[in-house]
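Coordinates in review
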Amino acid sequence: MTHSINTSRFEPTDATPEMALAGSDQPSTTANLVALEQGLYALEIGASPCMLGQVSSLQVPAVHVSALRNEREQGAEIIGTSGHGDSWLDREGGTVIVKSPAGGAHVLVTAYGLPAQAVSVPDIQVRRLDRSRSNDAAPRPRDPAGHPEEIRSEIVLHVERLGDRRFPGEGWVGNRGKKLRIEAFSIRPVDTLLARDIEFKALGPKGRQTPWVTDAKLCGTRGRGLPLTGFAIRLAQHAAERFDVVYQGAFFESGVAGPHRNGELCIPPITDDPLEAINVRLIRRSHR
């Protein structure tokens, strides 16, 4: 549930930006308050139609997502790569993953625009990622059609010109067909498995490879203009007996490579072809 509000009534957990000062340099703002019950959610925030510009050091339009704390100092956790309790999105919008504590919480979505110009908060779609059952409830039934059980995940991509983008790991993520290079990525399960249960590595130009990375750390580079030209994903040894990971990559000129699984290199037939999208599935093995 969302409500339009006057931002002066609320203060996010982190400090407001320096440019929010009285005078002609103050950006135009408006906000929506999003109420969440306990659980894990994806807030899908649409693109902003506002005019492009800059206010002090802030490129506008921009959207700031922050958690509000209640009288018991409890608040939602905004999950990302920075470790801060907030997230910034540019005019293209994006997806923010939020974990709401017992008793629920509120998230403030604030839109910034040019001074003295009307600004509106982009469309916000709230999608629940976990299951709203208690710990002693019955486990999820098997698919009657015999399809394997999939484990939900969150994927972070660092994309050229767009920066970090967070996605629910459902189907293709990235910008397939738009030739925007993925420069880094991370994967984190959001149920059943832990972040340390999944490991991944990236390949770059001229056959460079990173070490295996875990704990949802970003794998690759930021700000160096180096595209990923392949990747691999595997489960930690103790989880590999019960789960499989299956993945594909979409590349600029080569198209789709894979599916590959369980640590196999996903690389294109054309050398150093940049990666633009990935498709990852975590699957529980069936016992026969």
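A quick note: this is a predicted structure, and the numbers were derived from the prediction, not measured.

1. Describing the overall build of the chain
Along its length, the chain carries 1 helix and 22 strands. The buried share of the chain, taken over its 288 residues, is 47%. Long-range contacts, defined as pairs at least 24 residues apart, comprise 69% of the intrachain contacts of the chain with a sequence gap of at least 6. When the accessible surface of the chain is summed, it comes to about 15000 Å², and 47% of that surface belongs to carbon and sulfur atoms.

2. Examining the pairing of strand β3 (residues 39–45)
When you tally the buried positions in β3, you get 6 out of 7 residues, the bulk of the element. Examined bridge by bridge, β3 and strand β11 (residues 124–128) share 5 bridges and lie antiparallel to one another. Each residue of the ladder has a partner; that of E44, found in β11, is Q125.

3. Examining the environment of P168
Tracing the sequence through the fold places P168 in strand β14 (residues 163–168). C-alpha separation for the pair P168 and V96, spaced 72 residues apart in sequence, amounts to 9.1 Å. Here P168 is in contact with A42, T95, R127, L129, S153 and V173, once residues within four sequence places are set aside.

4. Quick word on the nonpolar core
Counting 32 residues, the largest nonpolar core has L157, F185, I233 and I278 as its most contacted members. Counting only elements with at least two residues in this core, the list comes to β13 (153–159), β16 (182–189), β17 (198–203), β19 (230–235), β20 (243–251) and β22 (275–284). Those residues within four positions of I278 in sequence are excluded, and the remaining contacts are I155, L157, G171, W172, V173, I182, F185, F231 and Q248. Grouped together as the second largest cluster of nonpolar side chains are 21 residues, I45, V65, V96 and V119 included.

5. Let's talk about the confidence of the model for the chain
Per-residue pLDDT for the chain has a mean of 79; in total, 81% of the residues score no lower than 70. Of all the helices and strands in the chain, strand β1 (residues 2–5) carries the lowest mean pLDDT, 40, while β19 carries the highest, 96. In this model residues 1–23 is a low-confidence stretch, pLDDT under 50, and it forms 46 contacts with partners more than four residues away in sequence or in other chains. For the stretch residues 132–145, pLDDT sits under 50, and the model shows 6 contacts to residues farther than four places along the chain or on other chains.

6. A few points about the side chain of D273
Within the secondary structure, D273 is located in the loop between β21 (255–261) and β22. Buried and without a salt bridge, D273 has K179 as its closest oppositely charged side chain, separated by 7.4 Å. Only 3.4 Å separates the side chain of D273 from the backbone nitrogen of F252, close enough to count as a polar contact. With residues up to four places along the chain from it excluded, the contact list for D273 reads L228, T229, F251, F252, E253, S254 and P268.

Definitions and cut-offs
- Residues numbered from 1 in each chain as written.
- Predicted model: local features only at pLDDT ≥ 70, side-chain atom pairs only at ≥ 80, totals over all residues.
- Heavy atoms only, no water.
- Helix = DSSP H or I, 4+ residues; strand = E, 2+ residues; numbered from the N terminus.
- Buried < 20%, exposed > 50% of the residue type's maximum accessible area, 1.4 Å probe, protein only.
- Contact = heavy atoms within 4.5 Å.
- Areas by Shrake-Rupley, 256 points an atom, 1.4 Å probe, with all protein chains shown as cover.
- Pairing = 2+ DSSP bridges.
- Core = buried A, V, L, I, M, F, W, Y, C linked by side-chain atoms within 4.5 Å.
- pLDDT = per-residue confidence, 0-100.
- Lys, Arg positive; Asp, Glu negative; His and termini not counted.
- Salt bridge = Lys/Arg side-chain N within 4 Å of Asp/Glu carboxyl O.
- Polar contact = N/O pair within 3.5 Å; in protein donor to acceptor, adjacent residues only side chain to side chain.

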